[in-house]
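Here is how the chains run, residue by residue.
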Amino acid sequence: MGKSWLRNYVIKRLIYSVIIAWGILTITFILIRVNPSSPADEYLANLAATGQDPVQVKAAIEARYGLDKPIYEQYIDYMGNLLQGNLGWSFSTSMPVTELIKKHWIYSFQLILLSSLFAAFLGILIGIYSAVKQYTKTDYAFTFFSFIGISIPNFWLGVMLILVFSVQLGIFKTYYDTTLSLFSIDNLKALVLPVMTLGTGMLAGYVRYTRSNMLDNLRKTFVTTARAKGLPERTVIGKHVFRNAMLPLITIIMFDLGSIVFGGAYITEIVFNIPGLGQISFNAIFANDYPVVMAVTLIVTFMVLLVNLISDITYTYLDPRIRYD
Amino acid sequence: MNNAVLKVSNLKTYFFTGRGTVKAVDGVDFELRRGECLCLVGESGCGKTVTALSILRLFDSPPGKIVDGRVSYDGLDLVKCPSKRLRQIRGKDIAMVFQEAQSALNPVFTIGDQITEQIKLHIPVGYARAKDRAITLLSEVGIPSAESVMSYNPHQLSGGMKQRVLIAMGLSCDPKILIADEPTTAVDVTIKAQILDIFRELKTSRQMSTIFITHDLAVVAEIGDRAVVMYGGKDVETAPVSEIIGNAKHPYTSGLIACLPDIAKSTGRLTSIPGATPNPLEMPQGCAFHPRCPKAMEVCSQQEPTETTISKEHKVNCHLYT
């Protein structure tokens, strides 16, 4: 089947994405400026001790970053710079925002990737097993634990894991060392608890979704056809049923990747002190470092939109009945 | 009979559900002879399909279970043989065609994938040979431009075409026995006639033994050699088709024949058998048909009828003939 319509569809979606991103950025821009505090506040406490006039210092700093201009002028400046690929200057870390993000994105990416793989892989396996063994004790046990997993809040689980495994048992240290390489044994060990914290909720969800989708499809006639062909049960389940059960799962996993993970990763990075985008964005919010907050918002927005687009395209390849016209 | 290729004896398949035991198949006996088309006839819920599924143990288990009986094929008892051996028979020696072509094909794989999958499973050939074979089969069952249909997905084909694909798939490994479960029920009249033609041609060209399941006596008259009439999970009458149509003994069979619309003496309303098929959880005592039977006697509600031989080829389970 030709996929010539797909190109037009992707172009259309990309245009929509830009419009959505622009809207979100504008709203964030306004919200962040409504806040009465200023990035200069942080300096003031220090500078007051040296005897300088706080009002003058504040005015000087605000003038330097263009914060004294009317808000619409600042908005136009910001958007103009953005179009040229300039994300601005981070006040609190004194470096270009682009540099800051280049330095830190990889830690978020690593955490999110490992957590998603952990959750999707284990969740799907347990879900399939639960569906095939429906109404057995193992199935009930998995169901019980997945309800617990869905219900536990991330930050609480993170703190509890630290308490038990780091403080009490001392098995995993929780210090992520940026001077070591990403996949060094020490850093991987430091990631075990964060991955569990971020992954447990998703894993539990995938168990439930996989189980119910598998059960829906296990009852279809084509499964009996597959068995009547003489296929071993492994192929019947793993190929014929799973390929159908996977379709709605793709959407859910991709959706998680876009939204829940980025949200959850913020909290997890803060609890476990991982220097990713969540961490720098969190610090930037408290330091009133507007450009950093804007940049991270922009990245998250584009990730969500991109991942949704990828999942829609993947769908057309997995389910030949789907066309977007 | 020596030329029997498949013999089902006293087969009992029960479903153990939360609300009680459903005796879907409760003591069925018949044999399939080489090269013949044997029809299993009866209303919905009489156990035809479960009988067919039981031959290859394809029903859902749990809750289903074969509690008694034998299915003899090629010196094997299919009820007890190891599942690995059974898988070699499924699709290779005994193939099955299902009734709803709509849902019997997997929506996410192409027609070609689904047919070649079965060929490659049972016959040691490469993909190219399997593909050639699949194209030949598709043409044989009357699919035009079979080569391009190979890359189609099921949703791109009409119901009749899908049914043909299923038949081609059933035939793909030259089975000795083909079980067709109501292949003409879900299609319209013209397609039905064409599909019956395919089965007739296959019978002459391949000398294949077929079990044809249907509720339609007109279809039986057209393609069947012998017929087994089923009611309430039991076989109630077994005879050559001409005997069934012209000389039915069991009141249920006679009732089914009376229901056939006759254009010559059409007078408005269609005839029907009064009452409905019994609730499978509460089968009537004695003969399961007695509450609906116009000739019911006292003994019918007390005692289950045993098999009576009318002639060498004609057997009936009814108290009228004991």
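Residues numbered from 1 in each chain as written. Chains lettered and ligands numbered in written order. Predicted model: local features only at pLDDT ≥ 70, side-chain atom pairs only at ≥ 80, totals over all residues.

1. Re the interface of chain B and chain A
A common way to state how big an interface is: give the accessible area lost once the parts meet.
At step 1: Each partner contributes residues to the interface: chain B has 22 residues there, and chain A has 18 residues.
At step 2: Looking at the side of chain B that touches chain A, the elements with two or more residues in it are helix 2 (83-89), helix 3 (101-104) and helix 4 (111-122) of chain B.
At step 3: Residue contributions to the side of chain B that touches chain A peak at 4 residues, all from helix 4 of chain B.
At step 4: Residues that form the side of chain B that touches chain A fall into these classes: 9 nonpolar, 8 polar and 5 charged. (Contact = placed C-beta atoms within 7 Å. Helix = DSSP H or I, 4+ residues; strand = E, 2+ residues; numbered from the N terminus. Nonpolar A, V, L, I, M, F, W, Y, C, P; charged D, E, K, R; others polar.)

2. Observations regarding the environment of D197(B)
At step 1: As for its position among the elements, D197(B) is in helix 8 (residues 189-206).
At step 2: Along the chain, D197(B) and I257(B) lie 60 residues apart, while their C-alpha atoms are 23 Å from each other.

3. With respect to the pairing of strand 2 (residues 20-33) of chain B
Residue and element names in this part refer to chain B.
At step 1: As judged from the 10 bridges shared by strand 1 (residues 4-17) and strand 2, these two strands associate in the antiparallel manner. By the bridge assignment for strand 2, T17 is matched with G20.
At step 2: Where strand 1 hands over to strand 2, the hairpin turn is made up of 2 residues, counted between the paired strands. (Pairing = 2+ DSSP bridges.)

4. Focus on the domain arrangement of chain B
All names here are of chain B.
At step 1: Its domain assignment divides chain B into domain 1 (4-93 + 177-271) and domain 2 (102-174).
At step 2: With centres defined by C-alpha atoms, the gap from domain 1 to domain 2 works out at 25 Å.
At step 3: The interface of domain 1 with domain 2 comprises 10 residues on the first partner and 12 residues on the second.
At step 4: Of the residues forming the side of domain 1 that touches domain 2, the biggest block, 4 residues, is contributed by helix 8.
At step 5: Among the residues forming the side of domain 1 that touches domain 2, the class breakdown is 7 nonpolar, 2 polar and 1 charged. (Domains from an automatic or database assignment.)

5. Observations concerning the confidence of the model for chain B
At step 1: Looking at chain B, the pLDDT average stands at 86 and 98% of residues meet or exceed 70.
At step 2: We note a pTM of 0.81 for the whole complex and an ipTM of 0.87 for its interfaces. (pLDDT = per-residue confidence, 0-100.)

6. Things to note about the sheet that holds strand 4 (residues 64-73) of chain B
At step 1: With antiparallel pairing, 4 strands are arranged side by side in an open sheet as 2-1-4-5 (chain B). Of all the strands in the sheet, the pair left with one neighbour each is strand 2 and strand 5 (76-77) of chain B.

7. Considering the packing of helix 5 (residues 97-132) of chain A against helix 8 (residues 185-218) of chain A
Residue and element names in this part refer to chain A.
At step 1: The N-to-C vectors of helix 5 and helix 8 enclose an angle of 35°; their axes lie 6 Å apart at closest approach. Helix-helix and strand crossings are classified by hand; for helix 5 and helix 8 the assignment is right-handed.
At step 2: For the contact of helix 5 with helix 8, the class distribution of residues is 22 nonpolar, 6 polar and 1 charged. (Axes fitted to C-alpha atoms, helices over the stretch in contact; angles between N-to-C directions. Left-handed = near helix turned anticlockwise from the far one by under 90°.)

8. Side note on the pairing of strand 9 (residues 226-231) of chain B
All names here are of chain B.
At step 1: For strand 9, the buried fraction is high: 6 of the 6 residues fall into the buried class.
At step 2: Burial of strand 9 is two-sided: the residues R226, V228 and M230 facing one way and the residues A227, V229 and Y231 facing the other way are all buried.
At step 3: Sheet topology note: the strand 3 (residues 37-41)/strand 9 ladder contains 4 bridges and is parallel. By the bridge assignment, L38 is partnered in strand 9 with R226.
At step 4: As judged from the 6 bridges shared by strand 9 and strand 10 (residues 234-240), these two strands associate in the antiparallel manner. Bridge assignment links A227 to a residue of strand 10, and that residue is A239.
At step 5: Following strand 9, the chain reverses through 2 residues before pairing antiparallel with strand 10; G232 in that reversal takes a positive phi of roughly 55°. (Buried ≥ 20, exposed ≤ 12 C-beta atoms within 10 Å, placed from the backbone.)

9. Remarks on unusual backbone geometry
Leaving glycine out, the prevailing phi sign among residues is negative, and the prevailing peptide bond configuration is trans.
All names here are of chain A.
At step 1: Of note in this structure, Y135 is not a glycine but carries a positive phi near 65°.
At step 2: Here Y135 lies in the loop between helix 5 and helix 6 (137-151).
At step 3: For Y135, a count of 10 C-beta atoms within 10 Å translates into the label exposed.

10. What to know about helix 7 (residues 154-168) of chain A
All names here are of chain A.
At step 1: Taking 1.5 Å of rise per residue, 15 residues should cover 21 Å, and helix 7 covers 20 Å from first to last C-alpha, within 8% of that figure.
At step 2: Of all the bends found along helix 7, the most pronounced is centred on I162 and spans about 25°.
At step 3: With its phi angle positive at about 65°, G170 sits one or two positions after the end of helix 7. (Expected span 1.5 Å × (residues − 1). Bend = angle between axes of the 7 residues up to and from the residue.)

11. Observations concerning the packing of helix 5 of chain A against helix 10 (residues 233-258) of chain A
Residues and elements named next belong to chain A.
At step 1: Two elements in contact, helix 5 and helix 10, have axes separated by 11 Å at closest approach and are oriented at 140°. By the angle between their axes, helix 5 is oblique relative to helix 10. The handedness of the crossing between helix 5 and helix 10 comes out as right-handed. Contacts between helix 5 and helix 10 involve S116, A120, I128 and V132 from the first element and I237, F242, I253 and L257 from the second. (Parallel < 35°, antiparallel > 145°, perpendicular 65-115°, else oblique.)

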